[in-house]
Amino acid sequence: MRSSEQAARLRTLILAAGGGTERIREVVGELGRRWVAGVLADELVHRAELGALPQLARHPVLVRLELALDGEVTTCAVRAADTGATVTVDDPDSAADAHATVELDLAQLVRAVFGPRGAGGEPERRITWRDFEDPAALSAGMHVLPVVQHLLSGAAEQPLDLSGLSLRSGSDKWGLHFYAPHYERHFGPLRDRPLTVLELGIGGYDDPAAGGGSLRMWKRFFPRALVYGVDVVDKSPLAEQRLYPIRGDQSDVDFLAELAGEIGPVDVVIDDGSHYCPDVISSFRALFPLLAPGGLYVIEDLQTSYWPAYGGSSEDPGDPATTMGFLKQLLDGLNHEEFLPAGARETSEFDRTIVGAHFYHNLVFLEKGRNAEGSIPRWLGRERPA
């Protein structure tokens with residue numbers, strides 16, 4: 001089952017975070033405090049970007065999180081080093097060994113991490129530092145301070161620069177391409193929604209452990225989203241909490257329809273896959289009808305529409321067998337109610353459901369909705385005045 005039980009549980013927790021404290025308590029009781037605590041700690045570690053701290057190469061750090069709910073405390077030990085960070089729930093050794101202990105209200109932390117921005121503010125916290133009261137040990141213990149700061153930043157409302165996030169995540173959406181500002185413009189209003197994001201193409205070619213930069217970027221940019229990636233190569237080593245690589249071929253429309261049914265409704269589709277025009281067109285035909293109302297369908301690397309090796313053509317850029325030729329035909333559908341005589345155009349599902357198209361260099365965003373505004377009144381006439 002591609003849409004795993006963990007994904008369903010995460011969705012339940014994310015939705016509860018947008019509600020009241022009683023609903024959060026209820027869901028925490030259903031899912032289990034230990035599981036929820038581990039999810040929150042894992043999310044804080046992901047957002048902390050601890051790899052930016054060079055001091056971890058010399059001084060590994062142990063931070064103990066004490067998450068309280070109704071008088072019961074669940075602990076998580078975060079062990080951070082230059083090789084990465086691990087999370088252990090209910091670690092008995094962490095009490096004595098921790099460089100810092102952070103006390104947090106579990107319900108407040110759920111809302112701060114997975115709730116809409118502005119829903120509840122930053123959670124209350126109390127920090128105990130192991131060495132800060134000992135002048136002799138203070139200088140040696142200062143390396144723990146930025147680690148705690150970075151961990152707690154995951155529960156704070158902070159603006160994100162998608163171009164910088166693309167670079168830090170290892171995505172080519174800024175630098176090789178310059179898509180990030182356009183993504184930020186169109187995706188910014190969606191950040192507070194509990195989305196399902198599907199990207200075709202994970203990257204890294206034949207190496208199962210390579211690629212995934214864009215998926216990690218979307219996971220960070222959309223704090224309430226579940227992010228799925230599709231690639232012809234098995235990329236399962238890249239799986240993380242809220243990030244699910246799936247092996248499949250975008251040219252297989254039956255696979256795409258089945259996948260969308262399992263993980264849906266899908267709110268955002270990003271085609272960064274083969275860039276082969278027939279694949280791009282068939283994927284769009286399969287997935288756009290399954291996109292949720294208000295969703296966005298994005299196609300990258302439109303330059304291949306002009307390259308014969310990818311099924312494109314520079315001699316006939318209007319050829320509907322090329323990606324751009326196909327998209328140009330869709331644009332007339334935005335105005336399908338204006339064709340003369342009335343009813344002259346046989347409307348397609350795309351005519352009725354594409355409500356916006358935004359083109360940039362090698363990039364397009366298509367909006368899903370209901371395109372049925374109607375034409376201007378008939379009595380205004382369709383003939384040019386003499």
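Here goes a summary of the coordinates provided.

What counts, and at which threshold
Residues numbered from 1 in each chain as written. Predicted model: local features only at pLDDT ≥ 70, side-chain atom pairs only at ≥ 80, totals over all residues. Heavy atoms only, no water. Phe/Tyr/Trp six-rings, centres within 6.5 Å; stacked < 30°, edge-to-face > 60°. Helix = DSSP H or I, 4+ residues; strand = E, 2+ residues; numbered from the N terminus. Buried < 20%, exposed > 50% of the residue type's maximum accessible area, 1.4 Å probe, protein only. Lys NZ or Arg CZ within 6 Å of the ring centre and 35° of its normal. Salt bridge = Lys/Arg side-chain N within 4 Å of Asp/Glu carboxyl O. Pairing = 2+ DSSP bridges. Axes fitted to C-alpha atoms, helices over the stretch in contact; angles between N-to-C directions. Contact = heavy atoms within 4.5 Å. 1 Å grid on protein atoms, 1.4 Å probe; cavity = no way out; pocket = protein on both sides within 12 Å on 5 of 7 lines; lining within 4 Å. Points joined across faces, edges and corners; volume = space filled by probe spheres on them. Nonpolar A, V, L, I, M, F, W, Y, C, P; charged D, E, K, R; others polar. Patch = residues over 30% accessible without salt bridge, like charges linked within 9 Å, V, L, I, M, F, W, Y side chains within 5 Å. Areas by Shrake-Rupley, 256 points an atom, 1.4 Å probe, with all protein chains shown as cover.

Two measures describe an aromatic ring pair: the distance that separates the ring centres and the angle between the ring planes. Overall, the coordinates contain 19 aromatic pairs when judged by the stated rule. Here F326 and F350 contribute two aromatic rings whose centre-to-centre distance is 6.5 Å and whose plane-to-plane angle is 90°, an arrangement assigned as edge-to-face. In this pair, F326 is assigned in helix α13 (residues 323-333) and F350 in helix α14 (residues 349-353), connecting sequence segments 24 residues apart. Of the two residues, F326 and F350, neither departs from the other in class, the shared state being buried. Among the aromatic residues, ring-to-ring pairing joins Y183, F187, W218, F221, F222, Y360 and F365 into one connected group. A cation sits over an aromatic face here: R9 above W35, 4.3 Å from the ring centre. It is R191 that lies over the ring of F221; its NZ or CZ is 4.9 Å from the centre.

What follows covers the pattern of salt bridges. Inspection of every chain in the model, using the stated rule, returns 20 salt bridges. One salt bridge connects R33 with E72, and the closest N-O pair in it is separated by 3.7 Å. With R33 in helix α3 (residues 33-48) and E72 in strand β2 (residues 72-81), this pair connects stretches of sequence that are 39 residues apart. Take R33: its relative accessible area is 23%, and that puts it in the partly exposed class. According to the relative accessible area criterion, E72 is partly exposed, its value standing at 42%.

Turning our eyes to something else, we now look at the sheet that holds strand β7 (residues 226-231). Pairing within the open sheet is mixed, and its 7 strands lie in the order β8-β7-β6-β9-β10-β12-β11. A single partner strand is all that each edge strand has here, and the edge strands are β8 (243-247) and β11 (354-360). Going across the sheet, the axis of each strand differs from the next one's by a mean of 15°, ignoring polarity. Bridge analysis of β7 against β8 gives 5 bridges, and the strand direction is parallel. Its bridge partner being in β8, Y228 is matched across the sheet by Y244. Across the sheet, α13 lies against β10 (291-300), β11 and β12 (363-368), angled at about 140° from β11, the strand it touches most.

Inspection of every chain in the model, using the stated rule, returns 3 cavities of 30 Å³ or more. A volume near 240 Å³ is recorded for the largest cavity. What lines the largest cavity is a set of 23 residues, and nearest its centre among them are R47, A112, R117, A156 and E157. For the lining of the largest cavity, the element with the most residues is helix α5 (residues 106-114), which contributes 3 residues. In the lining of the largest cavity, the residues fall into 8 nonpolar, 7 polar and 8 charged.

A surface patch of nonpolar side chains, about 300 Å² in accessible area, is lined by Y276, W307 and Y310. For W307, the location among the structural elements is in the loop between β10 and α13. You can call W307 partly exposed: its relative accessible area is 43%.

This next bit is on the pairing of β10. Burial within β10 is extensive, with 8 of its 10 residues counted as buried. Here strand β9 (residues 266-271) pairs with β10 via 5 bridges, running parallel. Paired with V266 across the two strands is L291, which belongs to β10.

The next point concerns the packing of helix α12 (residues 277-287) against α13. One way to put it is that α12 packs onto α13 with a least axis distance of 9 Å and a crossing angle of 35°. Facing α12, whose interface residues are C277, V280, I281, F284 and R285, α13 presents T323, F326 and L330. Looking at the contact of α12 with α13 residue by residue, the class counts come to 6 nonpolar, 1 polar and 1 charged.

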